[in-house]
Amino acid sequence: YKIENELRNALRNNQFHIVYQPIINLTHNTISAAEALLRWESPILGHVPPSEFIPLLEEFDLITEIGNWVLQKVCCQMKSWLIQGIKLKRICVNVSPIQFKDTSFVKNLEKILDEARLDPAYLEIEITEGTILDMKESEKILRDLKSHKIGISIDDFGTGYSSLSYLKQLPIDTLKIDKSFIKELDLDGKVIVNTIISMGEHLNHRVIAEGIETKEQLDYLKQQNCHEGQGFYWSKPINADRFQKYIEDFK
Ligand code: G
Ligand code: G
Ligand code: MN
Ligand code: NA
């Protein structure tokens, strides 16, 4: 057997599903958004983590097809939640660099949003610093997304190599502080976190702290006026039904 064939058949055989993790507004203690994360349960390999299968999807040129499937599912789910009166402000979806640079990316997105009848302002895409390294090309795509009112979030922020002058001129809505910095809130960790928060403040970007697991971490981030948080402290990523229950039971 070949893993490539397994992956090629996985979509058709319903082996992918999407889980959602809440993003909390730290000022108001409300759920403001959700991050959608892809999961693969293979009958042969069992649960394969995204850190392993996403690079394979990229290598086998399947990432755009699967990525579009994710966007489609997620936009329809969000629309259904909104119709049911669930007041999420954003739904966040990870987009791989290859998918982002595909010439029909924005056009596909428009079509997906249109078919789901979802207001584009509800969608936020998450890209990493690595995705926007080649500035000229990325800037054009980002402006195109912005002109459609789609939100843009920089994921794993602080771990890449994007220069600060780039960031200043790009239409970015959100910075997500990488969880490695939250995990180590020693003196150095605190300096890094505080610097990202004040940068967000100055550049008018929302700042999310990822990987919050403890009350101590939460208290520190609140004290520093970090806008939003995400992590096991509230919930691990869970399926759509459980997520809906989680929202209904929150607080
Ligand atoms: O929880 P977790 O193991 O799901 O996520 C690991 C990594 O996999 C994250 O860094 C995330 O960016 C990536 N990932 C998860 N879901 C998706 C997806 O739908 N598309 C892309 N491109 N990456 C994803
Ligand atoms: O896209 P991104 O790289 O940010 O993916 C988020 C990843 O972080 C997912 O794999 C998710 O399961 C994981 N994650 C979310 N909350 C926590 C947390 O509190 N602690 C740890 N260790 N991982 C988390
Ligand atoms: Mn992410
Ligand atoms: Na991250």
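This report concerns the structure included in the present document. Owing to the predicted nature of the structure, the values given are computational and were not obtained by experimental measurement.

1. Describing the overall build of the protein
Argument step 1. The number of helices and strands found in the protein is 11 helices and 9 strands.
Argument step 2. Against the compact-globule benchmark of 18 Å for 251 residues, the protein has a radius of gyration of 18 Å, which places it among compact chains.
Argument step 3. In terms of principal-axis extent, the alpha carbons of the protein reach across some 50 × 45 × 35 Å.
Argument step 4. When each of the 251 residues of the protein is scored for burial, the buried share is 36%.
Argument step 5. The contacts in the protein between residues at least 6 apart in sequence include a share of 66% that link residues at least 24 apart.

2. With respect to the environment of Glu-110
Argument step 1. As for its position among the elements, Glu-110 is in helix α5 (residues 105-116).
Argument step 2. Considered as a pair, Glu-110 and Leu-37 are 73 residues apart in the sequence and their alpha carbons are 21 Å apart.

3. Structural notes on the site of ligand 1
Argument step 1. If you check the shell around ligand 1, you find Leu-37, Leu-38, Pro-49, Pro-50, Ser-51, Ile-54, Gly-67, Val-70, Asn-94, Val-95, Ser-96 and Pro-237 and nothing else.
Argument step 2. Those elements that place two or more of their residues in the shell around ligand 1 are β2 (30-42), α2 (50-59) and α3 (63-83).
Argument step 3. Per element, the largest residue contribution to the shell around ligand 1 is 3 residues, and it comes from α2.
Argument step 4. Broken down by class, the residue content of the shell around ligand 1 amounts to 8 nonpolar, 4 polar and no charged.

4. Considerations on unusual backbone geometry
Argument step 1. A positive phi angle is found at Asp-61, which is not glycine, with a value near 65°.
Argument step 2. Take Asp-61: it is sitting in the loop between α2 and α3.
Argument step 3. Overall, the presence of 9 C-beta atoms within 10 Å leaves Asp-61 in the exposed class.
Argument step 4. We note that Lys-149 has phi near 70°; this positive angle belongs to a residue other than glycine.

5. Quick notes on the nonpolar core
Argument step 1. Core analysis: the biggest nonpolar cluster contains 61 residues, and Cys-75, Ile-91, Val-93, Leu-123 and Ile-177 have the highest contact counts within it.
Argument step 2. If one sorts the elements of this core by residue count, α3 sits on top with 8 residues.
Argument step 3. Once you skip the residues sitting within four places of it in the chain, Cys-75 turns out to touch Ile-112, Leu-113, Ala-116, Leu-118 and Leu-123.

6. Some thoughts on the pairing of strand β8 (residues 206-209)
For a regular strand, side-chain orientation follows a simple rule: the groups alternate between the two sheet faces.
Argument step 1. Every second residue of β8 is oriented toward a common face, with Arg-206 and Ile-208 on one face and Val-207 and Ala-209 on the other, all of them buried.
Argument step 2. Bridge count between strand β7 (residues 174-177) and β8: 4 bridges; the pairing is parallel. What sits directly across from Leu-175, in β8, is Val-207.
Argument step 3. The sheet contact formed by β8 and strand β9 (residues 228-229) spans 2 bridges and is parallel. Across the sheet, residue Ala-209 finds its bridge partner in β9, namely Gly-229.

What counts and how
- Residues numbered from 1 in each chain as written.
- Chains lettered and ligands numbered in written order.
- Predicted model: local features only at pLDDT ≥ 70, side-chain atom pairs only at ≥ 80, totals over all residues.
- Helix = DSSP H or I, 4+ residues; strand = E, 2+ residues; numbered from the N terminus.
- Rg over C-alpha atoms; globule rule 2.2 N^0.38 Å.
- Buried ≥ 20, exposed ≤ 12 C-beta atoms within 10 Å, placed from the backbone.
- Contact = placed C-beta atoms within 7 Å.
- Near = placed C-beta within 6 Å.
- Nonpolar A, V, L, I, M, F, W, Y, C, P; charged D, E, K, R; others polar.
- Core = buried A, V, L, I, M, F, W, Y, C linked by C-beta atoms within 7 Å.
- Pairing = 2+ DSSP bridges.

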